[in-house]
Amino acid sequence: MRPARALIDLGALRSNYRLARELGGGKALAIIKADAYGHGAVRCAQALEGEADGFGVATIEEALELRQAGIRAPILLLEGIFEPSEMALVAEHDLWFSVGSPWQLEALAAFDSPRPLTVWLKLDSGMHRLGLDVAGFRAAHARVSALPQVARIVLMTHLARADELDSERTHEQAATFVEAIEGLQGETSVCNSPALLGWPDVCSDWVRPGLMLYGANPLPDNSELTARLRPVMTMQSKVIAERWIEAGEPVGYGARFVAKARTRVGVVALGYADGYPQFAPNGTPVLIDGQPGGLIGRVSMDMLTVDLTAHAHAGVGSVVELWGTAPTLSELAPRCGVSAYQLPCGVKRVARVYQD
């Protein structure tokens, strides 16, 4: 079988969740949308269900997959419903959902629910994506509070620039939120991963850790807090062929790498169709049998090449780590012009191996 695999450390996932909950000081909603950022939503939810206060997903399909797998913890539809008919599924499967658009408010008001509903009412505090403006938010709160089918309201917003520690936008959004909710009843939810790690003065009853759950640093620099994050996914494959090339000879598409001296090339069974960045530059770090090495040549759909010249004992069958402990997702992503969010979400065709 093809040797490419993603090792998923569920103990590290739990450790990162506990850090988020510690920093938030209240309840934490584990964000496992997009198949838990490529880590496997069902297995991640099962690993966290004993201690997570709830889960956040993007779509009702993601929520139903968790319910069908036996997950009974609260599940929030972060974008709410996409059409009014989904309200019946929300009630049937006891889902929480956000309301951030007028039409969603109308669908809620028109739905005669067979069970009490939990609504997360979303304010647009300055991101200008989803959410109601301040006047609409306060009016919606009054209306939702009067609905007999609504048992609980959580007041939420989303921060647009919390990963920019030199930007005042986060404080501006937090101030807008505080002003908008003055006098309103309900728990609050503001903080995402970068807010938890970089903005200790921004607080809320519920926090929503996403990227940090998977051990990646969402901030531009490291700190004592980010050093406590543990990588959850380790991407590995093996060398499937090796050859010597002479000085002046190229490797791969486009001859992006040309050997300056006699070079031993290792071919690794993993490529951009598996989620590795196609345009990772020459010298991008990897581990070869646990020792530092580097990428050479352009990444192909199914294969990539590494320099084995200094690895005398490496060859066919050697294990190559593409990301995990070295490099971490946060180190690899900027070298390749992508984000640490994008890399694991793009993982495909690679068997996931779970470790507790």
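Here's a quick rundown of the structure. All residue numbers refer to position in the chain's written sequence, counted from 1. Residues qualify for local features only when their pLDDT is at least 70, as the model is predicted, and side-chain atom pairs are given and counted only at 80 or more; totals for whole chains, interfaces and linings, by contrast, use all residues. Computation of side-chain values: all heavy atoms of the structure, hydrogens and water removed.

**A look at the side chain of D124**
Threshold: A run of H or I in DSSP becomes a helix once it reaches four residues, and a run of E becomes a strand once it reaches two; helices and strands are each numbered from the N terminus. Throughout this description, a polar contact denotes any pair of N or O atoms lying within 3.5 Å of each other; where both atoms belong to protein, one of them has to be capable of donating a hydrogen while the other can accept it, and for residues adjacent in sequence the pair is counted only when both atoms sit in side chains. Residues are treated as being in contact if the distance between any of their heavy atoms lies within 4.5 Å.
With respect to the element layout, D124 can be found in the loop between β6 (117-123) and α7 (134-145). At a separation of 3.1 Å, a polar atom in the side chain of D124 contacts the main-chain amide nitrogen of G126. Separated by 2.8 Å, the side chains of D124 and H128 make a polar contact. Excluding residues within four positions of it along the chain, D124 makes contact with L130, G131 and L132.

**Details of the layout of surface pockets**
Stated formally: Each cavity reported here is a set of points on a 1 Å grid over the protein atoms alone in which a 1.4 Å probe fits but cannot get out, each pocket an open set with protein on both sides within 12 Å along at least five of seven lines, and each lining residue one with an atom within 4 Å of a point. Grid points are joined across faces, edges and corners, and a volume is the space filled by probe spheres set on the points. Polarity classes work like this: nonpolar for Ala, Val, Leu, Ile, Met, Phe, Trp, Tyr, Cys and Pro, charged for Asp, Glu, Lys and Arg, and polar for all others, with Gly in that last group.
Roughly 520 Å³ of internal volume is contained in the largest pocket. K33, Y37, R129, H158 and N192 are, among the 25 residues lining the largest pocket, the residues nearest its centre. At the level of elements, α2 (33-38) and α9 (193-198) are the ones that each hand at least two residues to the lining of the largest pocket. The residue inventory of the lining of the largest pocket, partitioned by class, reads 14 nonpolar, 4 polar and 7 charged.

**Some words on the environment of P292**
Stated precisely, the cut-off is as follows: Under the scheme applied here, a residue whose accessible area is under 20% of the maximum for its type counts as buried, over 50% as exposed, and between as partly exposed, the area being computed with a 1.4 Å probe on protein chains only.
Relative to the helices and strands, P292 is located in strand β15 (residues 291-296). The exposed category is assigned to P292, whose relative accessible area is 64%. Placed 151 residues apart in sequence, P292 and H141 show a C-alpha to C-alpha distance of 56 Å. Leaving out residues up to four positions away in the same chain, P292 has contacts with V286, L287 and H311.

**Comments concerning the pairing of strand β2 (residues 27-31)**
Note the cut-off: Two strands pair under a simple rule: DSSP has to find at least two bridges between them.
With respect to burial, β2 is a largely interior element, 4 of its 5 residues being buried. Pairing analysis gives 2 bridges linking β2 to strand β9 (residues 206-207), with the strands arranged parallel. Among the inter-strand pairings, K27 is bridged to a residue of β9, identified as W206. Bridge count for β2 against strand β3 (residues 54-57) is 3 bridges, and the pairing is parallel. The partner of L29 across the bridge, within β3, is G54.

**Section: the state of the cysteines**
Counted only if it meets this: Whenever a pair of cysteine sulfur atoms sits within 2.5 Å, that pair is classed as a disulfide.
The tally for this structure, following the rule as stated, stands at 0 disulfides. In this model C191 remains outside any disulfide bridge; the closest cysteine sulfur is found in C203, 6.4 Å from its own. Here C345 stays unpaired: no disulfide links it, and the sulfur of C44, its closest cysteine neighbor, is 12 Å away.

**A look at the packing of helix α6 (residues 102-110) against α7**
Let me state the cut-off plainly: Angles run from 0 to 180 degrees between N-to-C directions of axes, and those axes are lines fitted to C-alpha atoms, restricted for helices to the stretch in contact. Throughout this description, any angle smaller than 35 degrees is read as roughly parallel, any larger than 145 degrees as roughly antiparallel, any in the 65 to 115 degree range as roughly perpendicular, and the remainder as oblique.
At a minimum axis separation of 11 Å, α6 and α7 run at an interaxial angle of 10°. With respect to each other, α6 and α7 are oriented roughly parallel. The residues of α7 that touch α6, namely those facing L105, E106, L108 and A109, are A140, R143 and V144. Looking at the contact of α6 with α7, its residues break down into 5 nonpolar, no polar and 2 charged.

**Thoughts on helix α3 (residues 41-48)**
Think of an α-helix as turning once every 3.6 residues; residues three or four places apart then point the same way. Counting buried positions along α3 yields 6 of 8 residues, so the element is predominantly enclosed. Every buried residue of α3 is accounted for by A41, V42, C44, A45, A47 and L48. Residues of α3 that are buried make contact with α1 (10-24), β2, α2, β3 and α4 (60-68).

**Here's the deal with unusual backbone geometry**
Of note, the bond from A326 into P327 is cis; its omega dihedral lies within 30 degrees of zero at -5°. Note on placement: P327 falls in the loop between β17 (319-323) and α10 (329-335). In this model, H128 sits at a positive phi of 60°, which is unusual for a non-glycine residue. Its place among the elements puts H128 in the loop between β6 and α7. Assessed through its relative accessible area of 60%, H128 is described here as exposed.

**Observations regarding empty space enclosed by the protein**
Applying the stated criterion across every chain, the model contains 2 cavities of 30 Å³ or more. Approximately 60 Å³ is the volume found for the largest cavity. Taken together, Y214, G215, A216, P231, V232, M233, W323, G324, T328, L329 and S330 form the lining of the largest cavity. Along the lines of polarity and charge, the residues of the lining of the largest cavity split into 7 nonpolar, 4 polar and no charged.

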